[in-house]
Each structure stands twice: as C-alpha cells, then as structure tokens.
Amino acid sequence: MESPLASNQRKPLIIAGICLGIGLGGFFDGIVLHQILQWHHMLSNVKPLTNRSNIDLNVLADGFFHVFDYVMTIVGVVLLWKVAKRDDVFWSSKTFFGSVLIGIGLFDFVEGLIDHQLLGVHHVKPGANEFAWDMGFLALGLSLILFGWIIQRTTNLEQNTSK
C-alpha cells in the first residue's frame, strides 16, 4: 500500500498528466474524428450539415470544442512546468504517462457519455452500427483509464520496494 507521503509527492504530477491527457484526447478527437475522417461535428446530430447555417454552427461549435482542448493542454503544461521546479515531487515517467492515459480516457468516457448518450448532440460514427461505435468509444475511455491506473500502480510498487 502506498504511503500518504508518497501519494502527496506524486499528486501534482498526476494532476498535470490528467489535465494534459484531457487536452490531448480532445485534440485527437477533434482532429481525427471531426476534421480528417469527418464522421461527426459537435452538433451534427441536432443540426445536420444540410445547409450553410448548420455547417457554420457546427464549425463554430467545433471551434469552441478546440478552445477547451487548448485550455486544458495549456493548464497541463503549466502544471507540469511547476512540478518540474519542485524538489518534493516524486518524478516518474510511469506516473506521468499513466496519468496522461487516464486523462485521455476520462475525456473519451465523459465526452462519450454526455455528448453521445445523454445529450445526443452527435455520435462517433452516425448510421449503421451507431450504437456500437458509441459503446466502443466508452469502452476505449474506460480501458485507457484502467491501463493508465495499472501503469501508475507499477510505479507505486517500484517506489515501495525501493525503500
């Protein structure tokens, strides 16, 4: 079991990694699914791309979505910068990258749950197998959270056995 002191020494790095992961997860979603593959846009289920007004609204909503991604990425970088200047923080690549994966997974799961399921403003890939794509996205998010946690856990075990 991890000691409270070790937990406190890792917490700032974990928070920085999660914030950075949320921003990077959002950028991946926006760049790959919205722009490159063009599977959906932020409001494409409620305002289909059938006329210029709807296209403009979806592009604007995608822009606000990217602003959120940008802000979360900057917050993660600033927090990481602050962590790097601290001597009391246990620095570990596994802790950091595990936290980034948790952040990406959190983004996928929360965005998928809220936008795809609760609000229904868009789906991962509309049309045939729409529900399966949405469930796959949620499963991916949960898998990344679990995988990130496992990576962090190996850091905890290494940290405890090195004492």
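Up top is the structure.
J.: Give me unusual backbone geometry: which residues, what numbers.
T.: Its identity as a non-glycine residue notwithstanding, Gln 38 has a phi of 55°, on the positive side. One can find Gln 38 in the loop between α1 (4-36) and α2 (52-84). The exposed category is assigned to Gln 38, whose relative accessible area is 57%. For Asn 129, which is not glycine, the phi dihedral falls at a positive 65°. Mapped onto the elements, Asn 129 comes out in the loop between α3 (93-118) and α4 (130-161).

J.: Talk me through the environment of Asp 29; I want residue IDs and the actual numbers.
T.: Its place among the elements puts Asp 29 in helix α1. Taking the relative accessible area as the measure of exposure, Asp 29 reaches 2% and is therefore buried. Separated by 40 residues in the primary sequence, Asp 29 and Asp 69 place their C-alpha atoms 9.8 Å from one another. Leave out the neighbours within four places in its chain, and Asp 29 touches His 34, His 40, Phe 65, Phe 107, Glu 111 and Phe 137.

J.: Can you explain the packing of aromatic side chains? Please cite residues and give values.
T.: Scanning all chains against the criterion turns up 3 aromatic pairs. Here Trp 39 and Trp 133 contribute two aromatic rings whose centre-to-centre distance is 4.8 Å and whose plane-to-plane angle is 70°, an arrangement assigned as edge-to-face. With Trp 39 in the loop between α1 and α2 and Trp 133 in helix α4, the pair connects residues that are 94 residues apart, well separated along the chain. Judged by relative accessible area, Trp 39 falls into the partly exposed class, the value being 24%.

J.: Kindly report on the pattern of salt bridges, identifying the contributing residues and their values.
T.: Tallied over the full model, the rule gives 2 salt bridges. For Asp 56, the salt bridge identified is with Arg 52, shortest N-O distance 3.3 Å. Of the two residues, Asp 56 and Arg 52 are both situated in helix α2; the distance of 4 residues between them amounts to about one turn of the helix. Overall, Arg 52 belongs to the exposed group, its relative accessible area being 60%. Notably, a salt bridge pairs Asp 88 with Arg 86, separated by 2.8 Å at the nearest N-O pair.

J.: Describe α2, and please don't skip the residues or the numbers.
T.: Relative to the 48 Å expected for 33 residues at 1.5 Å per residue, α2 spans 47 Å between its end C-alpha atoms, a close match to the ideal helical length. Among all positions in α2, only Asn 54, Asn 58, Ala 61, Asp 62, Phe 65, His 66, Asp 69, Met 72, Thr 73, Gly 76 and Val 83 are buried.

J.: Which residues make up the layout of surface pockets, and what values go with them?
T.: Looking at the largest pocket, its volume works out to about 160 Å³. Around the largest pocket sit Gly 25, Phe 28, Asp 29, Leu 33, Trp 39, Ile 104, Asp 108, Val 124, Trp 133, Phe 137, Leu 140 and Leu 144, which together line it. Mapped onto the lining of the largest pocket, the elements with two or more residues apiece are α1, α3 and α4. In terms of residue class, the lining of the largest pocket is built from 9 nonpolar, 1 polar and 2 charged.

J.: Explain the side chain of His 122 to me, and be specific about the residues and the numbers.
T.: With respect to the element layout, His 122 can be found in the loop between α3 and α4. His 122 sits in the buried class, given a relative accessible area of 0%. Discounting residues that sit within four places of it in the chain, His 122 has contacts with His 40, His 41, Met 42, Ser 44, Asn 45, Glu 111, Asp 115 and His 116.

About the thresholds
- Residues numbered from 1 in each chain as written.
- Predicted model: local features only at pLDDT ≥ 70, side-chain atom pairs only at ≥ 80, totals over all residues.
- Heavy atoms only, no water.
- Helix = DSSP H or I, 4+ residues; strand = E, 2+ residues; numbered from the N terminus.
- Buried < 20%, exposed > 50% of the residue type's maximum accessible area, 1.4 Å probe, protein only.
- Contact = heavy atoms within 4.5 Å.
- Phe/Tyr/Trp six-rings, centres within 6.5 Å; stacked < 30°, edge-to-face > 60°.
- Salt bridge = Lys/Arg side-chain N within 4 Å of Asp/Glu carboxyl O.
- Expected span 1.5 Å × (residues − 1).
- 1 Å grid on protein atoms, 1.4 Å probe; cavity = no way out; pocket = protein on both sides within 12 Å on 5 of 7 lines; lining within 4 Å.
- Points joined across faces, edges and corners; volume = space filled by probe spheres on them.
- Nonpolar A, V, L, I, M, F, W, Y, C, P; charged D, E, K, R; others polar.

Shape is all these values report; function is a separate question.
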